[in-house]
Amino acid sequence: MTLSHTDQVTADWTERGEYMPARHGIHPAWANEVIDDPERLVIMPDPASKSGRAVQTIGWSYTANRIITVITLVDHGRLHGVNGWVANSSDQRLYREED
């Protein structure tokens, strides 16, 4: 799946939407802002992915007012949200270097 900015990009958080806020304090809407950030950094595959299919996206959430790291996975043509957290200093540096 190629991400484009002709339409807003959002992930399906049905399966993990409650885990992320409880564990990391990140709301699915914030994660979707990151996925839709035109300045986002996309790392394919996610270096920590065991299957090699997960994608790491680092970007800005306007609502959270911070850089967030989001993990997604395309399965059967749908973009599924897996996890997200406040970006660590390394991810923040990578995002800023892309500007």
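Residues numbered from 1 in each chain as written. Predicted model: local features only at pLDDT ≥ 70, side-chain atom pairs only at ≥ 80, totals over all residues. Heavy atoms only, no water.

Description of helix α2 (residues 28–35)
Think of an α-helix as 3.6 residues a turn; residues three or four steps apart then line up on the same face.
Then, in step 1: By the criterion of burial, α2 is predominantly enclosed, with six of the eight residues buried.
Then, in step 2: Here α2 has its buried residues at P28, W30, A31, N32, V34 and I35.
Then, in step 3: Buried residues belonging to α2 abut α1 (19–24), β2 (54–61), β3 (66–75) and β4 (78–86). (Buried < 20%, exposed > 50% of the residue type's maximum accessible area, 1.4 Å probe, protein only. Helix = DSSP H or I, 4+ residues; strand = E, 2+ residues; numbered from the N terminus. Contact = heavy atoms within 4.5 Å.)

What to know about the pattern of salt bridges
Then, in step 1: Evaluation of the coordinates by the stated rule reveals two salt bridges.
Then, in step 2: Put simply, R78 and D12 hold a salt bridge, and the shortest N to O gap is 3.0 Å. Of this pair, R78 sits in strand β4 while D12 sits in the segment before α1, placing them 66 residues apart in sequence.
Then, in step 3: One salt bridge in this structure joins D75 and R53, with 3.3 Å as the shortest N-O distance. In this pair, D75 is assigned in strand β3 and R53 in the loop between β1 (41–43) and β2, connecting sequence segments 22 residues apart. (Salt bridge = Lys/Arg side-chain N within 4 Å of Asp/Glu carboxyl O.)

A word on the packing of aromatic side chains
Then, in step 1: As enumerated under the stated definition, the model contains one aromatic pair in all.
Then, in step 2: When the centroid spacing of 6.4 Å and the interplanar angle of 80° are considered together, the rings of W60 and Y62 count as edge-to-face.
Then, in step 3: Relative accessible area serves as the criterion here: at 64%, Y62 is assigned to the exposed category. (Phe/Tyr/Trp six-rings, centres within 6.5 Å; stacked < 30°, edge-to-face > 60°.)

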